[in-house]
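Secondary and tertiary structure notes
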Amino acid sequence: MLILGVETSCDETGLAILDWDGDGNVSIKGEVLASQVSLHEKYGGVVPELASREHMRSLPLLCEELFARTGLSLTDISGIGVTCGPGLKGCLLMGITFAQGLALPRNIPVFPVNHIEGHILSGELHEPSLKPPYITLVVSGGHTEIVLVEGLGKYTCLCRTRDDAAGEAFDKSANLLELQYPGGPRLAAHADSANPSKRFTLPRVAREMDDFSFSGLKTAVSLLIKRNREEIFSSPEVFAEVCWTIQDSIVDPLVTKTAKEVKERKLPLVVCGGVSANSALRRRLSEKCSPVYFPPLKHCVDNGAMIAYVAGRYLQAGVTPPNIDIFSRWPVETLRDFYGAQHG
Ligand code: KG4
Ligand code: ZN
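Residues numbered from 1 in each chain as written. Chains lettered and ligands numbered in written order. Predicted model: local features only at pLDDT ≥ 70, side-chain atom pairs only at ≥ 80, totals over all residues. Heavy atoms only, no water.

1. Brief notes about the coordination of the zinc ion (ligand 2)
Going by this rule: Think of the donor list as every N, O and S atom within 2.8 Å of the metal, or within 3.2 Å for Na, K and Ca; water never makes the list, so a site can look incomplete. The geometry test gives tetrahedral to four donors whose angles all lie between 85 and 135 degrees, gives square planar to four donors and octahedral to six donors whose opposite members are over 155 degrees apart with all other angles between 65 and 115, and gives irregular to the rest. The numbering of helices and of strands both runs from the N terminus, where a helix is a DSSP run of H or I of at least 4 residues and a strand a run of E of at least 2. For every residue, the accessible area obtained with a 1.4 Å probe (protein chains only) is divided by the maximum for its type, and the residue is called buried under 20%, exposed over 50%, and partly exposed between those limits.
Looking at the zinc ion (ligand 2), one finds its protein donor set to be His115 (NE2), His119 (NE2) and Asp302 (OD), positioned 2.1 to 2.2 Å from the metal centre. The site at the zinc ion (ligand 2) holds four donor atoms, and with the angles between them running 92 to 154°, its shape is irregular. In primary-sequence terms, the residues that donate to the zinc ion (ligand 2) follow H-x3-H-x182-D. With a gap of four residues between them, His115 and His119 both fall in helix H4 (residues 115-126), about one helical turn apart. Grouping residues by exposure puts His115 and His119 together as buried.

Here it is in structure tokens:
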């Protein structure tokens with residue numbers, strides 16, 4: 001069973017073809033990705049209208065490249081998974097329209113996929129021995145949540161952010177430090193070159209608080225920079241120290257709350273989403289939780305393979321594709337009802 005995945009929820013256009021053999025083993029036949037970083041760089045963030053247009057331009061080119069590379073054709077495809085949310089409406093619409101355009105004339109089923117479920121299941125895609133129940137920490141530019149996975153489509157959110165996502169906190173702080181978009185990985189690189197330091201302090205999310213909250217960080221970082229501007233921008237060491245402090249104030253609550261859930265429930269952990277590329281987060285979670293799985297970096301960020309994987313899993317489970325719609329907000333807890341009681 002060959003499944004094509006289409007991802008366009010934000011600023012990456014991703015396509016992939018996954019193959020299921022008769023025993024349910026999955027392999028990636030091919031994947032292509034076009035990042036829009038250079039397009040949005042000069043605006044300091046994603047411009048939704050530009051992002052949509054760029055998806056529209058890239059989709060046919062990438063699709064052609066993918067089929068040429070794999071030597072496959074559309075007639076080989078049994079189903080198409082497409083991201084229907086959460087994400088930017090215009091961007092989602094581009095992916096959906098493209099997928100439907102490919103599928104309708106050929107009667108290929110189109111399966112609506114939740115982007116966050118894609119991130120969550122990227123652990124199982126890479127670690128076939130991993131079976132629910134387990135815990136996932138989803139940390140991306142738009143999402144920060146700890147999710148209990150009890151089966152396909154059976155997700156309970158144990159902790160989520162009340163305001164900004166962890167990636168957003170990285171990016172906003174990086175912006176204040178005049179680092180180019182996307183600032184998260186750049187700030188992290190400076191932080192990694194610094195020694196742990198207590199010279200600067202930033203407020204932490206209260207450890208006893210049930211949820212994450214990162215919106216106060218931006219104001220605190222802005223104040224810290226204002227008070228120490230000259231020193232920060234004249235000394236690379238001090239600049240790196242500030243980056244370390246910011247990174248620590250984001251990573252620490254992520255590690256503390258995740259480790260608590262993992263210990264209490266005695267379950268494996270999967271860390272996914274763009275921020276899971278962060279080396280301090282990886283190191284600290286690996287020290288505190290075992291076993292812990294990190295999908296490869298190319299599948300931590302947005303990609304088409306995770307979307308094809310979700311569609312393939314539901315199709316294998318005999319679930320009829322629900323109607324396609326756009327969901328700019330789409331909590332993963334609602335998936336139990338969305339796919340109905342069609343699967344165990
Ligand atoms: O999952 P993703 O690719 O896109 C969304 O669905 O949001 O995540 C992108 C986010 C951005 O905020 C980016 O700054 C952050 O992940 N990110 C990082 C690192 N690499 C990417 N944040 C901290 N450290 C990194 N190494
Ligand atoms: Zn994502």
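2. Things to note about the domain arrangement of the protein chain
The criterion, for reference: Here the bounds of each domain stem from an automatic or database domain assignment. Between two residues, a contact is recorded if the distance between any of their heavy atoms is within 4.5 Å. Accessible area, probed at 1.4 Å, shrinks when two parts are joined; the buried area is that loss added up over both. Any carboxyl oxygen of Asp or Glu within 4 Å of a side-chain nitrogen of Lys or Arg constitutes a salt bridge here. Polarity classes work like this: nonpolar for Ala, Val, Leu, Ile, Met, Phe, Trp, Tyr, Cys and Pro, charged for Asp, Glu, Lys and Arg, and polar for all others, with Gly in that last group.
Per the domain assignment, the segments making up the protein chain are domain 1 (2-131 + 298-342) and domain 2 (135-296). Measuring from the centre of the C-alpha atoms in domain 1 to the corresponding centre in domain 2 gives 27 Å. Every contact between the two is made by 30 residues of domain 1 and, on the other side, 28 residues of domain 2. Carbon and sulfur atoms supply 67% of the area buried between domain 1 and domain 2, which totals about 2400 Å² over both sides. The largest per-residue losses of area from domain 1 upon contact with domain 2 belong to Ile120, Cys300 and Arg336, which jointly make up 26% of the total buried on that side. The interface formed by domain 1 and domain 2 contains two salt bridges. Glu150 serves as the salt-bridge partner of Arg336, at 3.6 Å between the closest nitrogen and oxygen. Breaking the side of domain 1 that touches domain 2 down by element, the ones donating at least two residues are helix H1 (37-40), H4, helix H10 (297-300), helix H11 (305-316) and helix H12 (335-338). Here the element with the most residues in the side of domain 1 that touches domain 2 is H4; it accounts for eight residues. Split by residue class, the side of domain 1 that touches domain 2 holds 14 nonpolar, eight polar and eight charged.

3. A word on the sheet that holds strand S5 (residues 110-114)
The condition that has to hold: Two strands pair under a simple rule: DSSP has to find at least two bridges between them. To get an axis, fit a line to the C-alpha atoms, keeping to the stretch in contact for a helix; angles then go from 0 to 180 degrees between the N-to-C directions.
Strand order in this open sheet of five strands is S3-S2-S1-S4-S5, and the pairing throughout is mixed. Strand pairing shows two members of the sheet lacking a second neighbour, strand S3 (26-35) and S5, which therefore form its edges. If you compare each strand with its neighbour and ignore which way they point, the axes differ by 20° on average. Bridge count between strand S1 (residues 2-7) and strand S4 (residues 77-85): five bridges; the pairing is parallel. If you follow Val6 over to S4, its bridge partner there is Val82. Against the sheet, H4 touches S1, strand S2 (12-20), S3, S4 and S5, its axis set at about 90° to S5. Running over the sheet, H11 touches S1, S2, S3, S4 and S5 and is turned about 40° from S2.

4. Topic: the sheet that holds strand S8 (residues 154-160)
Taken together, five strands build an open sheet; the order of strands is S8-S7-S6-S9-S10 and the sheet is mixed. At either end of the open sheet lies a strand with only one pairing partner, and these are S8 and strand S10 (292-293). The sheet contact formed by strand S6 (residues 134-139) and strand S7 (residues 144-151) spans six bridges and is antiparallel. Residue pairing across strands places Tyr134 opposite Val149, the latter belonging to S7. On top of the sheet, helix H9 (residues 279-288) reaches S6, strand S9 (269-272) and S10; it is set at about 175° to S9, its chief contact.

5. Side note on the site of ligand 1
We apply this condition: When we say a residue is near a molecule or strand, we mean one of its heavy atoms is within 4 Å of it. As used in this structure description, the phrase polar contact means that two N or O atoms lie within 3.5 Å; if the pair is within protein, one of them must be able to donate a hydrogen and the other to accept it, and residues adjacent in sequence are counted only when both atoms belong to side chains. Computed with a 1.4 Å probe, the accessible areas rest on the Shrake-Rupley method; for each residue, only the protein chains presented here act as cover.
Lining the immediate environment of ligand 1, one finds 18 residues, of which Gly141, Asp171, Gly274, Asn278 and Asp302 sit closest. Between an oxygen atom of ligand 1 and a main-chain N or O atom of Gly142, the distance comes to 3.5 Å. Surface burial for ligand 1 is 86%, taken as the share of its 550 Å² of free accessible area covered by protein chains. At the level of secondary structure, the elements contributing two or more residues to the shell around ligand 1 comprise H4, helix H5 (166-176) and helix H6 (183-192).

6. Quick word on the pattern of salt bridges
Note that side chains of opposite charge can pair when their charged atoms are close. By the definition in use, this model includes 18 salt bridges. One salt bridge in this structure joins Glu124 and Arg313, with 2.8 Å as the shortest N-O distance. Of this pair, Glu124 sits in helix H4 while Arg313 sits in helix H11, placing them 189 residues apart in sequence. With its nearest N and O atoms 2.8 Å apart, the salt bridge here joins Arg199 to Glu231. Linking Arg199 in the loop between H6 and helix H7 (215-234) with Glu231 in helix H7, this pair joins segments that are 32 residues apart in sequence. Taking relative accessible area as the criterion, Arg199 reaches 45% and is therefore assigned partly exposed. Residues participating in the shared-partner salt-bridge network are Glu145, Arg160 and Glu333.

7. Some words on the side chain of Gln247
Relative to the assigned elements, Gln247 resides in helix H8 (residues 236-265). A relative accessible area of 3% means that Gln247 is categorised as buried. Beyond its immediate stretch of four places on either side in the chain, Gln247 contacts Phe170, Leu187, Ala188, Ala191, Asp192, Asn278 and Ala280.

8. Notes on the packing of H4 against H11
Helix packing geometry: the angle between the two helix axes and the distance between the axes. Using the following cut-off: With respect to orientation, any angle under 35 degrees is reported as roughly parallel, any angle over 145 as roughly antiparallel, any angle of 65 to 115 as roughly perpendicular, and every other angle as oblique.
Their axes nearest at 8 Å, the elements H4 and H11 cross at an angle of 85°. Compared by their axis directions, H4 and H11 come out roughly perpendicular. Contact residues: H4 offers His115, Glu117, Gly118, His119, Leu121, Ser122, Glu124 and Leu125, while H11 offers Ala305, Met306, Ile307, Tyr309, Val310, Arg313 and Tyr314. Counted by class, the contact of H4 with H11 contains eight nonpolar, four polar and three charged residues.

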